[in-house]
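What follows is the residue order along each chain.
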Amino acid sequence: MTRPLRFSAFVMNTTSHIVHGAWRKPEAEQTDFSSLEHWVSLAKELERGKFDFIFFADVVGLYDDYQGSWEKFVESGLQIPSNDPTVIASAIAYATEHLGIALTSSILQEHPFNFARKMSTLDHASDGRIAWNIVTSLSPNAWRNFGFGDMALHEDRYAWADEYVDVVYKLWEGSWDDGALLQDKVSGRHGDFSKVHKIDHVGARYSVEGPHLVAPTPQRTPLLFQAGSSPTGRRFAARNAEAQFIASPTPEAARSLISDTRRLVVEAGRSAGDLEFFQGLSFVIGSTEAEAARKAAELDEYVDESTIIAHAAGGIGVDLGFYDLDTPIGEVEAQGSLSTLQWLREAIPDREPTVRDLARMRSRSGRVVGTPESIADRLEQWRGVGVDGINVINSTIPGSYVEFIEHVTPVLQRRGLAQREYEEGTVRRKLTGRDRLPASHPAARYRGAFS
């Protein structure tokens, strides 16, 4: 029996995340992003709808300039202001019982020792429901915010990421043996010294003595997400990730990407099924196809295409505000996210895409318009090409999720495409059937390595 799709709510602790301009709709409440109740109530709604994750995107700097300035980002609210999602994660954990909490954190923004401690603390507080989305920061402003003059090149960022994950794996998997925490009130012996170890990591960027200051959590290592479809990014995911966020323009493009990435997973010494794929989609739902089309047209009246192109431009590290809209995308020299350009070429395979195409395609990318039944048909197609889960992009909060849960989820559940009840245990157990990483994962080599 084929298992149900997984569902993740793709959000950001900001007003304007992906569907720029939609925050102006009368029913949109994402301007309340600084309110803790805003996120707690959304998390409760997602748990009511049996979503698997609330997935927080994050940035630690502005995107690159648009038309020579960062004014556009402030004027349109393009991911500024944005708050730190890790700070509110414990409140969401306290208010829910099953919902996974996926947090984006860059290798740039926090030293791995402190990051490992923070994530372990959250994993304890949530009874094992924390996931980490590993990113490398593609914003030059972010790099300058942390004292670097220039952003590292694409390949160098992933080399840095390799060492970063190596450090946290040593802390999470190797610093404490099972059974090290005794807490024996009779003998007064709290821990077994022979089972707690310093890691003595010395590498190109980090020297970390250890030990990890947090005893093993229900998962030890949080569930690992990764995004990005460049060749280097996919190889990194093949080695490390348990779930990958993809944004393929069509099911057939997703089939090709998934098949090739699974090949890389096997080459990395893991099982092909050790990596699952979450496709990003947004939904416009109507009781009839005509109503859905009308609602999509109404949404388009709010969508700010210039902000969408500014977002895309910042992501690839080029100021597209100075390019003619008919410039072939091949003439755009990117230093940021190469996956954006790859995505555009997949979306328009029969000719060389232009900057104009990027603006048009991004404004409607991944949008599924239809009745609950026709949406379920489309999701069945995505599952048929190997997609394991859907990262649901919102236009309004909480409306996009409330509408999906009330109208689409029951249809999906009747078809076996969505779960009716949660399984017990950690978020990794819910997703993979086990609490801890398998022996084939590179982190597992540190179990017992420091005894």
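The model shown is predicted, which means the values in this text are computed figures rather than measured ones. (Residues numbered from 1 in each chain as written. Predicted model: local features only at pLDDT ≥ 70, side-chain atom pairs only at ≥ 80, totals over all residues. Heavy atoms only, no water.)

Peer 1: Explanation requested: helix 3 (residues 85-95) in the structure shown.
Peer 2: Note: α-helices contain 3.6 residues per turn, so residues at a spacing of three or four share the same orientation. Taken together, the buried positions of helix 3 are occupied by Pro85, Thr86, Ile88, Ala89, Ile92 and Ala93. For helix 3, the arc enclosing every buried residue in end-on projection is 160 degrees, short of the 170-degree limit, so these residues lie on one face. Exposed residues pointing more than 90 degrees away from the buried face of helix 3 are listed as Val87 and Tyr94. Those residues of helix 3 that are buried lie in contact with helix 1 (36-48), strand 2 (53-57), strand 3 (100-106) and helix 4 (112-125). (Buried < 20%, exposed > 50% of the residue type's maximum accessible area, 1.4 Å probe, protein only. Helix = DSSP H or I, 4+ residues; strand = E, 2+ residues; numbered from the N terminus. Arc of directions from axis to C-beta. Contact = heavy atoms within 4.5 Å.)

Peer 1: Before we go on, may I ask you to explain the side chain of Gln226 in this structure?
Peer 2: Along the chain, the position of Gln226 falls in strand 7 (residues 223-227). The contact partners of Gln226, leaving out residues within four places of it in the chain, are Asn133, Ile134, Tyr158, Gly233, Phe236, Ala237, Ala241, Ala243, Gln244 and Phe245.

Peer 1: Any chance you could explain the packing of helix 1 against helix 3 here in plain terms?
Peer 2: Running from N to C, helix 1 and helix 3 cross one another at 40 degrees; their axes reach a closest spacing of 9 Å. Overall, the two elements helix 1 and helix 3 adopt an arrangement that is oblique. Crossing hand, helix 1 versus helix 3: right-handed. Residue-level inspection shows Leu36, Trp39, Val40, Ala43 and Lys44 of helix 1 in contact with helix 3, the latter providing Ile88, Ala91, Ile92 and Ala95. The residue inventory of the contact of helix 1 with helix 3, partitioned by class, reads 8 nonpolar, no polar and 1 charged. (Axes fitted to C-alpha atoms, helices over the stretch in contact; angles between N-to-C directions. Parallel < 35°, antiparallel > 145°, perpendicular 65-115°, else oblique. Left-handed = near helix turned anticlockwise from the far one by under 90°. Nonpolar A, V, L, I, M, F, W, Y, C, P; charged D, E, K, R; others polar.)

Peer 1: Can you help me understand the pairing of strand 11 (residues 389-393) in this one?
Peer 2: Strand 11 sits mainly inside the fold: 5 of its 5 residues count as buried. The two faces of strand 11 match: Gly389, Asn391 and Ile393 on one face and Ile390 and Val392 on the other face are all buried. Bridging between strand 1 (residues 6-12) and strand 11 involves 5 bridges; their strand directions are parallel. When the bridges of strand 11 are listed, Ala9 appears paired with Val392. (Pairing = 2+ DSSP bridges.)

Peer 1: Looking at this model, I keep getting lost on the nonpolar core. Mind explaining?
Peer 2: Here is a general trend for soluble globular proteins: nonpolar side chains tend to be buried in one another's company. Core analysis: the biggest nonpolar cluster contains 83 residues, and Phe7, Trp39, Phe51, Ile54, Trp132 and Phe283 have the highest contact counts within it. Looking at this core element by element, the count peaks at 10 residues for helix 6 (residues 154-174). Those residues in contact with Ile54 that lie beyond four places of it in its chain are Ala9, Val11, Trp39, Leu42, Leu46, Ile92, Leu99, Gly100, Ile101 and Ala102. Formed by 22 residues, the second largest nonpolar core is a distinct cluster that contains Ala57, Ala131, Ala243 and Phe278. (Core = buried A, V, L, I, M, F, W, Y, C linked by side-chain atoms within 4.5 Å.)

Peer 1: Help me understand the packing of aromatic side chains, please; the structure alone is not making it clear to me.
Peer 2: What describes a pair of aromatic rings is the distance from one ring centre to the other and the angle between the planes of the rings. Taken as a whole, this structure holds 24 aromatic pairs when the rule is applied. With 6.1 Å between their ring centres and 10 degrees between their planes, Tyr446 and Phe450 make a pair best called stacked. Classification of Tyr446 as buried rests on a relative accessible area of 9%. Among the aromatic residues, those joined into a cluster by ring pairs are Phe10, Phe53, Phe55, Phe225, Phe245 and Phe278. Its guanidinium or amino end placed over the ring of Trp160, Arg205 lies 3.8 Å from that ring's centre, counting from NZ or CZ. (Phe/Tyr/Trp six-rings, centres within 6.5 Å; stacked < 30°, edge-to-face > 60°. Lys NZ or Arg CZ within 6 Å of the ring centre and 35° of its normal.)

Peer 1: Which parts of the structure should I look at to understand the packing of helix 3 against helix 4?
Peer 2: Describing two packed helices takes the angle between their axes plus the distance from one axis to the other. Running from amino to carboxyl end, helix 3 crosses helix 4 at an angle of 15 degrees, the nearest separation of the two axes being 9 Å. The angle between helix 3 and helix 4 places the two elements in the roughly parallel class. Seen along the crossing, helix 3 lies across helix 4 with a hand that is left-handed. For the pair formed by helix 3 and helix 4, the contact residues are Thr86, Ala89, Ser90 and Ala93 on the first element and Lys118, Leu122 and Ala125 on the second. When the residues that make up the contact of helix 3 with helix 4 are grouped by side-chain class, the tally is 4 nonpolar, 2 polar and 1 charged.

Treat this as a map of the structure, not an account of what it does.
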